[in-house]
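# Examination of the molecular architecture
In case you want the letters, here they are:
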Amino acid sequence: MTENQQVSGSYWLQTAPGGRRAALTEDLDVDVAVVGAGIAGLCTARELARAGKSVAVLEAGRVAAGVTGHTTAKVTALHTLVYDKLRRTRGSEGARLYARSQSEAIEHTARIVEELGVDCEWERRSAYTFVRDADRVDELRAEARAAREAGLPASFVTETGLPFPVAGAVEVTDQVQFHPLKYLLALADDIVAHGGRVHEDTTVLGLEEGSPCRLSTASGATVTARDVVVATHYPVFDRALLFTRLSPRRELVVAGPLPAAQDPGGMYITPEENTRSVRTAPYGEDGTHRFLVVTGEHFTPGTSDARALFDRLSGWARAHFPGVELTHSWATQDNDPTDTVPLVGPLHPGARHTYVATGFGGWGMSGGMMAGLLLTAQITGAPCEWSGLYDPRRLASAVREAPSFLKHQAQVARHFVGDRLRPAPPAEALPPGEGAVVRTESGRLAVYRDDDGALHAVSARCTHLGCLVDFNAAERAWECPCHGSRFDTDGKVVQGPATRPLERRDL
């Protein structure tokens, strides 16, 4: 990244097969409607279709082109430093269920890849959580013990394939990395082959719960379904108040070809240096190169200079992998639950036919696969040993980890009030490619100047709950720091929970 360069886009999206699926234009009646065609939604729909349910997947954009299409696509049960914490907060049984649910989901997916013959660059690799600070070695040793006690093939090591020394690392063998789009497009085809429907460009605006449930869409079509699964990454329906338990986090990615001799041969992550995650993927026909993917520099949407963070991450990648040619850059978004574990199950305490999958905390690949199995069991009435662990209605853990909840709410309140007190620059001062929230006689407006010099103005109030947006110059998008909604420069929704665009305004 250079100072004025924009992101180039996700490598996964650019190297996946093309084609679009039709939008829903007529009323539909199905057993189950799944809102969202990311990994959680498609895995759930596939399992339900195979179980004999009539299923419709409704996606506002394109299949797997949202958060899933911008992932690093590590498929592992080693989630940085989670097991020692789970052992302390959920007991050894909670840690064991977490490890088992994630691992069984991965192996279930491996069988699907083989059964369908999907060419999705499925590779077995060890996963590592490493530190370079010797003062954190005891933390790594405790994590290795907890992961091993939870049932993972985990060990503490001091040697890795990284091109620099580490103080220590947790290694879990026989994990997976893959091309997420190639897998999920094949999954969508399999859903259709088993009688399901997958509709792109179909924005769901409303949910009426009952027997049956009804979904209203932007096109005017209504979907009637006995059960509804909300798998939109961040829930688009607020009745469960899950937004109070989710903290949005944006993270940057830089990538490009690397000589195969420099391949570190595993999947790596460290909590140090504002996170650094490293993996490679197949690249080219002759095997002389691999495709290096480096992730890090996480921040709350709408709060940081993403261009400077991209430069810092690019510098780190070039310094540690001097043979890399960085050709791609993009960003991904995750939601961290305030009590560590994803929220998968009934949408709210009174729900009878509505379900949710959210809060995967950066580990949506294995988490989404797990959610597909868990939600299918709940909808079909099959037993699932770890339903209680992931139940969104849980209270004990929410109370136990209340400081995280209160910290998140304090940050939201600070943005809601404090952002309205910030000095506002004049719109005339904006250079091309820049945006800012400016003060006018009619209130605060989000104003962007395009490369031709024209100004574009929209309301600065996020249509979710009214926080003020801020401009991400690297991605040229308006972002809400409270709950992570994102909009393009003309106000169109790019990422929820918002479902309505920012209102266009005249300066």
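A few points on the structure. Everything numeric here is computed off the predicted structure, so don't read it as measured data.

### Remarks on the sheet that holds strand S19 (residues 443-449)
- Pairing is antiparallel across the open sheet formed by four strands, whose spatial order is S18-S19-S20-S25. Each edge of the open sheet carries a strand with a single partner, namely strand S18 (434-440) and strand S25 (504-505).
- Inspection of the sheet shows strand S20 (residues 455-459) paired to S25 by two bridges, in the antiparallel sense. Counted as the bridge partner of Ala457 is Arg505 from S25.

### Observations regarding the pattern of salt bridges
- Under the criterion given, the structure shown has 39 salt bridges.
- With its nearest N and O atoms 3.6 Å apart, the salt bridge here joins Glu479 to Arg250. Linking Glu479 in strand S22 (residues 477-479) with Arg250 in strand S11 (residues 246-259), this pair joins segments that are 229 residues apart in sequence.
- Asp339 is paired through a salt bridge with Arg394; the nearest N and O atoms lie 2.8 Å apart. On the criterion of sequence distance, the pair formed by Asp339 in the loop between strand S15 (328-337) and strand S16 (343-346) and Arg394 in the loop between helix H9 (387-390) and helix H10 (396-400) is long-range, its members being 55 residues apart. Arg394 shares its class with Asp339; the two are buried.
- Residues participating in the shared-partner salt-bridge network are Arg46, Glu47, Arg50, Glu115 and Asp190.

### Observations concerning the pairing of strand S9 (residues 213-217)
- Every second residue of S9 is oriented toward a common face, the buried set being Cys213, Leu215 and Thr217 and the non-buried set Arg214 and Ser216.
- In the sheet, strand S8 (residues 204-208) pairs with S9 via four bridges, with the strands oriented antiparallel. The residue of S9 that forms the bridge with Val204 is Thr217.
- Linkage of S8 to S9, two consecutive antiparallel strands, is achieved through a turn of four residues.
- Pairing geometry for S9 and strand S10 (residues 222-230), over four bridges, is antiparallel. Paired with Cys213 across the bridge in S10 is Ala225.
- Counting the residues between successive antiparallel strands, the hairpin from S9 to S10 contains four residues, one of them, Gly220, with a positive phi of roughly 100°.

### Here's the deal with the packing of aromatic side chains
- One pass over the structure, following the stated rule, counts 13 aromatic pairs.
- Judged by centre distance (6.1 Å) and plane angle (75°), the ring pair of Phe164 and Trp316 falls under edge-to-face. Pair noted here: Phe164 is in the loop between strand S5 (154-157) and strand S6 (168-177) and Trp316 is in helix H7 (residues 306-320), with a separation of 152 residues, a long-range link.
- Note on Trp316: relative accessible area 7%, which makes it buried.
- Here the aromatic residues Tyr128, Phe130, Phe164, Tyr268 and Trp316 are joined through ring pairs into a cluster of three or more.

### Concerning the packing of helix H2 (residues 39-50) against helix H6 (residues 180-193)
- Two numbers describe how H2 lies on H6: the axes approach to 9 Å, and their chain directions differ by 30°. With respect to H6, the axis of H2 lies roughly parallel. Every pair of crossing elements has a handedness; the one defined by H2 and H6 is left-handed. Across from Ile39, Leu42, Cys43, Ala45, Arg46, Ala49 and Arg50 in H2, the residues of H6 making contact are Leu184, Leu187, Ala188, Asp190 and Ile191.
- A per-class count over the contact of H2 with H6 returns nine nonpolar, no polar and three charged.

### What about the sheet that holds strand S21 (residues 470-472)?
- Strand order in the open sheet formed by four strands is S21-S22-S23-S24, with antiparallel pairing between adjacent strands. Edge positions in the sheet fall to S21 and strand S24 (493-495), since each has one partner strand and no second.
- In this structure, strand S23 (residues 486-487) lies alongside S24, joined through two bridges in antiparallel fashion. The residue bridging Phe487 from the neighbouring strand is Val493, located in S24.

Criteria and cut-off values
- Residues numbered from 1 in each chain as written.
- Predicted model: local features only at pLDDT ≥ 70, side-chain atom pairs only at ≥ 80, totals over all residues.
- Heavy atoms only, no water.
- Pairing = 2+ DSSP bridges.
- Helix = DSSP H or I, 4+ residues; strand = E, 2+ residues; numbered from the N terminus.
- Salt bridge = Lys/Arg side-chain N within 4 Å of Asp/Glu carboxyl O.
- Buried < 20%, exposed > 50% of the residue type's maximum accessible area, 1.4 Å probe, protein only.
- Phe/Tyr/Trp six-rings, centres within 6.5 Å; stacked < 30°, edge-to-face > 60°.
- Axes fitted to C-alpha atoms, helices over the stretch in contact; angles between N-to-C directions.
- Parallel < 35°, antiparallel > 145°, perpendicular 65-115°, else oblique.
- Left-handed = near helix turned anticlockwise from the far one by under 90°.
- Contact = heavy atoms within 4.5 Å.
- Nonpolar A, V, L, I, M, F, W, Y, C, P; charged D, E, K, R; others polar.

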